[in-house]
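A look at the structure
One-letter residues, chain by chain:
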Amino acid sequence: MASCEATPPWSARAAAVCEWVRESWQAYHSAAAPRDTLAPIRRTGRDDFGGLRATAHDALDTLRLCRLEAEYAEARALALGTAPSDQFVNVFETTIRVVGGLLGAVALDPDDVALRDKARELGAALLPAFSDDGFVVSDVRMSTGEARQAPWGASSVSEAMLTPEFRALSRLTGDARFARAANAAADRLVALSGNGTRLLPVMWKRHEGLTGNRITLGARGDSYYEYLFKGGCLLGVEHECTAFRRAAAAMRDTLFARLDANATFVDELVDGARQPKMDHLVCFLPGTLAWAAHLGVLDDDYLGLAASVFETCRRMHDTPTGLAAEIAHRRDDGGGLRIAAADRHNLLRPETLESAFWLWKATRDEHYRHASWRIVEAFATHARAPSGGFCSVDDMLATPTTCRDEMPSYWLAETLKYAYMTFADHDVGRRVVLNTEGHFLSN
Ligand code: DMJ
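Residues numbered from 1 in each chain as written. Predicted model: local features only at pLDDT ≥ 70, side-chain atom pairs only at ≥ 80, totals over all residues. Heavy atoms only, no water.

Moving on, we get to the site of the ligand. Residues in close proximity to the ligand include Ile96, Arg97, Leu281, Arg349, Pro350, Glu351, Tyr410, Glu414, Thr436 and Glu437, which together make up its full environment. A distance of 2.6 Å separates an oxygen atom of the ligand from a polar side-chain atom of Arg349. In the environment of the ligand, an oxygen atom lies 2.5 Å from a nitrogen or oxygen atom belonging to the side chain of Glu437. Out of a free accessible area of 290 Å², the ligand has 91% covered by protein chains. Only helix 4 (91–108) and helix 15 (410–423) provide two or more residues apiece to the shell around the ligand. Partitioning the shell around the ligand into residue classes produces four nonpolar, one polar and five charged. (Near = heavy atom within 4 Å. Polar contact = N/O pair within 3.5 Å; in protein donor to acceptor, adjacent residues only side chain to side chain. Areas by Shrake-Rupley, 256 points an atom, 1.4 Å probe, with all protein chains shown as cover. Helix = DSSP H or I, 4+ residues; strand = E, 2+ residues; numbered from the N terminus. Nonpolar A, V, L, I, M, F, W, Y, C, P; charged D, E, K, R; others polar.)

What follows is the structure, given as structure tokens:
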């Protein structure tokens, strides 16, 4: 996989991002490894993903892209030393961060048999979550194979759609069990959606089917749609790609709301009624729509729609700090965005940067690189932990900001990676698949 030479100042900006990658890794490695994540204020580690060394796995392919070879060796050693957890772990988070991180490293170095075998070992320890009827329970104790449903008794549709990672595992290992398990769940979900004609309520119970009253492209729903595109259209699974096309039309017709001539908000539906609420998580969508239109999977019109939804995401960052809130509301007095007091935290999330990358690739409009630079500058200014690393922020409207004692692992996997790839103009092929955590599953 080649990287095009970027012209200044973009190459300098790519280098600045890699320096933040180095700083973030160093802070994690010195104070938190081998725990899952860095608590940057107390300068300690926390096991919030079952002690699977989540940050080490999540950092692998980003460190490689930045050519931080010594740091990559540290992360690789931690990853290879990871044992299946003896706690119940969330199957989705473990798949996207831990298995996804290993697969990302293997995609960039296909000769690394040891990392591939670790991906196989940890992936196999998740298989008890999948059952022959196509249901996926949320939690597994990897060391014993016990599978259980989360206490609320349901999985989300995002948690059950894991086709890109499990198909990659089958392709790399020759073991068909991985793809078979994920395909069964995807087939059931696609069937429940009327082959894409209906957007899905986000919760799924084994014996009751889809439950709950909320349809959202944000929390619990987001990556189901992302994976219809990536697993379906990019991996050539036609019925999933058809479902993606239909779902894109359904979103456009039932959830999109114009803020003005340039910006489109994405509502939620509760009991069929529009709710003018948009999670920052929804900001993965413009990138997905733009790339799908660029590849000819969707009509050209979707490129304009993608740009318009992106503009709403960009405006979420028009704040005193340049940081977005976790959730925005659409004002009903015409036009702008409203932030509720409870939603003012910023969790170093990647989605707007992710979409800027795909829109930059699809359009070559430097607007998207400039928008990305403003966002990472805001992180560098307002989300630095005093004693090293970066931190989520309590209130993105208040300056100076107050650090939360957490540096999420996706900061290294996704947020900084998409920024780097935008500024370096990293050359991804037309059919490259990155999982929902930003890990390369192919190159
Ligand atoms: C990441 O772990 C993944 O992008 C996931 O799909 C959603 N949440 C975070 C980032 O915000």
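After that view of the structure, there is still more to cover.
This brings us to the state of the cysteines. Enumeration over the complete set of coordinates arrives at four disulfides. Between the sulfur atoms of Cys233 and its disulfide partner Cys241 the distance amounts to 2.2 Å. Handedness of the Cys233-Cys241 disulfide follows from its S-S torsion of about 100 degrees: it is right-handed. Here Cys233 matches Cys241 in class, with each residue buried. The disulfide that involves Cys283 links it to Cys313, with 2.1 Å between the sulfurs. Residues Cys283 and Cys313 share a disulfide whose torsion about the S-S bond is about -100 degrees; that sign makes it left-handed. (Disulfide = S-S within 2.5 Å. Buried < 20%, exposed > 50% of the residue type's maximum accessible area, 1.4 Å probe, protein only.)

Don't take any of this as a statement about function, it's just geometry.
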